[in-house]
Amino acid sequence: MKLIQRGTTYYIRKRVPQQFAAVEPRQTVWISLNTDSLALAQTKAPAAWAELTEAWQALLAGNSEDAEERFEAARVSNRFLLVR
């Protein structure tokens, strides 16, 4: 997974997989890993991406309440920030 540093913060920048196009209007997402440490960013990136894809899967399954809870939990816990 490629990490990008913007200023002092590391991000994941990935294309939205085609299977989630119905529930995610963006073609590309930026996920802030909220760290300036490359080692920590490399550790956090897989979990952040997995959490986002799980939320998309819940939306596709029609479980929007579960998906919204996942998005909110990720945002509140500050594990990652979705940048539009």
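Rules and cut-offs
Residues numbered from 1 in each chain as written. Predicted model: local features only at pLDDT ≥ 70, side-chain atom pairs only at ≥ 80, totals over all residues. Heavy atoms only, no water. Helix = DSSP H or I, 4+ residues; strand = E, 2+ residues; numbered from the N terminus. Contact = heavy atoms within 4.5 Å. Areas by Shrake-Rupley, 256 points an atom, 1.4 Å probe, with all protein chains shown as cover. pLDDT = per-residue confidence, 0-100. Core = buried A, V, L, I, M, F, W, Y, C linked by side-chain atoms within 4.5 Å. Buried < 20%, exposed > 50% of the residue type's maximum accessible area, 1.4 Å probe, protein only. Phe/Tyr/Trp six-rings, centres within 6.5 Å; stacked < 30°, edge-to-face > 60°. Lys NZ or Arg CZ within 6 Å of the ring centre and 35° of its normal. Polar contact = N/O pair within 3.5 Å; in protein donor to acceptor, adjacent residues only side chain to side chain.

J.: Honestly, the overall build of the protein chain in this entry has me stumped. Any pointers?
T.: The secondary structure content of the protein chain amounts to 2 helices and 4 strands. Reading the helices (α) and strands (β) of the protein chain from amino to carboxyl end gives β-β-β-α-α-β. Here the analysis covers contacts within the protein chain between residues at least 6 apart in sequence; of these, 50% occur between residues at least 24 apart. Accessible surface for the protein chain amounts to roughly 5300 Å². Of this, 48% is attributable to carbon and sulfur atoms.

J.: Before we go on, may I ask you to explain the confidence of the model for the protein chain in this structure?
T.: Any residue range with low pLDDT should be treated as having predicted coordinates unsuitable for detailed reading. Per-residue confidence for the protein chain gives a mean pLDDT of 83; residues scoring 70 or more make up 77%. Mean pLDDT values for the elements of the protein chain range from 52 in strand β4 (residues 81-83) up to 96 in strand β1 (residues 3-6).

J.: Quick question: what am I supposed to make of the nonpolar core here?
T.: As a rule of thumb, nonpolar side chains are buried together in soluble globular proteins. In terms of nonpolar packing, the biggest core is built from 14 residues, with L3, I12, L33 and W56 touching the most fellow members. Elements supplying a minimum of two residues to this core: β2 (9-15), β3 (28-32) and α1 (38-60). Here this core gets 6 residues from one element, more than from any other, and that element is α1. Contacts of L3, omitting those with residues within four sequence positions, involve Y10, Y11, I12, L33, L38, A41, Q42 and A45.

J.: So what exactly am I meant to see when it comes to the packing of aromatic side chains here?
T.: We describe a pair of aromatic rings using the distance from one ring centre to the other and the angle between the two ring planes. Scanning the model with the defined rule gives 3 aromatic pairs in all. Ring plane angle 35° and centroid distance 5.2 Å describe the contact between F20 and W56, whose orientation is recorded as tilted. Of this pair, F20 sits in the loop between β2 and β3 while W56 sits in helix α1, and the two are 36 residues apart along the sequence. Each member of the pair, F20 together with W56, is buried. Note on W49 and W56: the rings are 5.7 Å apart at their centroids and 85° apart in plane angle, and the pair reads as edge-to-face. The residues W49 and W56 share a single accessibility class, namely buried. Lying over the aromatic face of Y11, R6 brings its terminal NZ or CZ to 5.2 Å of the ring centre. K14 extends its terminal NZ or CZ atom over the ring of W49, reaching a point 4.5 Å from the ring centre.

J.: Quick question: what am I supposed to make of the side chain of T53 here?
T.: On the secondary structure map, T53 appears in helix α1. What makes T53 buried here is its relative accessible area of 15%. In this structure the side chain of T53 is engaged in a polar contact, spanning 2.9 Å, whose partner is the backbone oxygen of A50.

J.: Would you take a moment to explain the environment of T43 for this structure?
T.: Take T43: it is sitting in helix α1. Distance from T43 to L33, taken between C-alpha atoms, is 9.7 Å for residues 10 residues apart in sequence.

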